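One-letter residues, chain by chain:
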Amino acid sequence: MTGGLLLLALVLAAAAPPPVPGDTPPPTMRCFIAAYPETVCGGSADALALCDGARIPWDDGRDKSDFDTLLNAPDLQDTVSMRYRPGRDYASPPPLNFEPGRIRYVPFFEALYGATRAEVKAKLAPVRWLLASGGKVVQMTRVNGVAAALQRVSDDIERELPRELRELAAKCSGTFVWREIHGTGRRSMHSFGVAIDVGVARSDYWDWTRPDKDGRYRYRNRFPLEVVEIFERHGFVWGGKWYHFDTMHFEYRPELLTPPCVDTPVTTP
Ligand SMILES: [Zn+2]
């Protein structure tokens, strides 16, 4: 080998290893990379890479055809396996166990927002929630710009909607609370300062109803879709689009509003 070629070989050996063919982020992992630029810095076939160096496993290889397994033990990939459809043209009633956004891999949110009450609390920021319509100052996380996004929701509702809807949305019954979902061992998204409940006077919740003789819950919604559309515009999904509906509940899940994870309605001219 000539000296020049040897030098070239040494330089190549010292450089970063070339990417393994196929070791690129799966299509739906790109939803996270695009949606969380402040905290997610890339990914490979097997893990999402957070900017602080943490890696979130993508696929645990387990079969999730059983809904309880999907709900109680999902991996990150499963959380975007159902596509959320923004806007008024959504499946109503939602099909059985159709829950885009209700499937959550908690270690991902703990890594983003904090894994203890104190860690989450240290990152909260105030949001002036519909103060001109009877609202109040509430606390949301400032990580990923969530508090700023909720402030934009408030500003748009104040500017765009009639008084009746403004006053309904102004009634907020909770943002940050470190707790588990009632009756389950699953951590509520309210624990991370990314969820808000509003308009309880016109809200419906699957667990307030009785299933029919076939065990099916009957869908009900009285919450105005004008408010829903403004939340969605700023990265929040609505619990009113789930089979297990929770129509006062919104949570910041911009990955579900990012292609290819979002179900964009086909518009006909
Ligand atoms: Zn809620």
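Residues numbered from 1 in each chain as written. Predicted model: local features only at pLDDT ≥ 70, side-chain atom pairs only at ≥ 80, totals over all residues. Heavy atoms only, no water.

Undergrad: Please provide a residue-by-residue account of the pattern of salt bridges, values included.
TA: Two side chains that carry opposite charge are able to pair once their charged atoms sit near each other. The tally for this structure, following the rule as stated, stands at 22 salt bridges. Salt-bridge contacts for Asp60 lead to Lys64; the nearest nitrogen and oxygen are separated by 3.0 Å. One salt bridge in this structure joins Arg88 and Glu229, with 2.9 Å as the shortest N-O distance. In this pair, Arg88 sits in the loop between α3 (67-72) and α4 (106-113) while Glu229 sits in helix α8 (residues 225-233), placing the two residues 141 residues apart along the sequence. According to the relative accessible area criterion, Arg88 is partly exposed, its value standing at 47%. Each of Asp60, Lys64, Asp75 and Asp78 takes part in salt bridges that share partners, so that together they form one network. (Salt bridge = Lys/Arg side-chain N within 4 Å of Asp/Glu carboxyl O. Helix = DSSP H or I, 4+ residues; strand = E, 2+ residues; numbered from the N terminus. Buried < 20%, exposed > 50% of the residue type's maximum accessible area, 1.4 Å probe, protein only.)

Undergrad: Could you give an account of the state of the cysteines, naming the residues involved and the relevant values?
TA: Per the stated rule, a full pass over the model turns up 2 disulfides. Across the disulfide, Cys31 is cross-linked to Cys261 (sulfur-sulfur distance 2.1 Å). The sign of the 95° torsion about the S-S bond sets the Cys31-Cys261 disulfide as right-handed. Of this pair, Cys31 sits in helix α2 (residues 29-35) while Cys261 sits in the segment after β9 (249-252); the two residues are 230 residues apart in sequence, bridging distant segments of the chain. (Disulfide = S-S within 2.5 Å.)

Undergrad: Account for the sheet that holds strand β6 (residues 172-174), naming residues and giving values.
TA: Strand order in this open sheet of 4 strands is β6-β7-β9-β8, and the pairing throughout is antiparallel. What marks the edges here is a single partner per strand, and that holds for β6 and β8 (236-238). The mean inter-strand angle of the sheet, taken between neighbouring strand axes irrespective of direction, is 30°. Pairing of β6 with strand β7 (residues 195-198) involves 2 bridges; the strand directions are antiparallel. Residue pairing in the sheet places Gly174 in a bridge with Asp197 of β7. Those strands touched by helix α6 (residues 146-160) are β7, β8 and β9, and its axis lies near 65° from that of β8. (Pairing = 2+ DSSP bridges. Axes fitted to C-alpha atoms, helices over the stretch in contact; angles between N-to-C directions. Contact = heavy atoms within 4.5 Å.)

Undergrad: So what's going on with the coordination of the zinc ion? Which residues, and what values?
TA: For the zinc ion, the full set of protein donor atoms is His190 (NE2), Asp197 (OD) and His249 (ND1), and the range of their distances to it is 2.0 to 2.1 Å. In primary sequence terms, the donor set of the zinc ion follows H-x6-D-x51-H. Of the residues examined, His190 reaches a relative accessible area of 3% and is grouped as buried. (Donors = N, O, S within 2.8 Å, 3.2 Å for Na, K, Ca; no water.)

Undergrad: Let's hear about α8: which residues, and what values?
TA: Those residues of α8 lying buried are Val227, Val228, Ile230, Phe231 and Glu232. On its buried side, α8 packs onto β4 (124-129), α6, α7 (163-170), β7, β8 and β9. Of the residues flanking the end of α8, it is Gly235, one or two places downstream, whose phi is positive at about 100°.

Undergrad: Can you tell me about the sheet that holds strand β1 (residues 40-43), naming the residues and giving the values?
TA: The strand order across the open sheet formed by 3 strands is β1-β2-β3, and the pairing between neighbours is antiparallel. Looking at the sheet topology across the chains shown, the edges are occupied by β1 and β3 (55-57). Mean inter-strand twist for the sheet, computed between neighbouring axes without regard to direction, equals 25°. Inspection of the sheet shows β1 paired to strand β2 (residues 47-50) by 3 bridges, in the antiparallel sense. Each residue of the ladder has a partner; that of Val40, found in β2, is Leu50. Sheet strands touched by α4: β1, β2 and β3. Its angle to β2, the strand with the most contacts, is close to 10°.

Undergrad: So what about the packing of aromatic side chains? Which residues, and what values?
TA: Within this structure, the stated rule accounts for 18 aromatic pairs. Look at Tyr90 and Trp238: their rings are 5.9 Å apart centre to centre, the planes differ by 80°, and that puts the pair in the edge-to-face class. In this pair, Tyr90 is assigned in the loop between α3 and α4 and Trp238 in strand β8, connecting sequence segments 148 residues apart. By the burial criterion, Tyr90 is buried, and Trp238 matches it. With centroids separated by 6.3 Å and ring planes inclined at 85°, the aromatic side chains of Trp178 and Phe192 adopt a geometry described as edge-to-face. Here Phe192 lies in the loop between β6 and β7 and Trp178 lies in the loop between β6 and β7, a separation of 14 residues in the sequence. Judged by relative accessible area, which is 0%, Phe192 ranks as buried. What links up through ring pairs into an aromatic cluster is the set Tyr90, Trp129, Phe223, Phe231, Phe236, Trp238, Phe250 and Tyr252. If you follow Arg187 out to its NZ or CZ, it ends over the ring of Trp178, 4.0 Å from the centre. (Phe/Tyr/Trp six-rings, centres within 6.5 Å; stacked < 30°, edge-to-face > 60°. Lys NZ or Arg CZ within 6 Å of the ring centre and 35° of its normal.)

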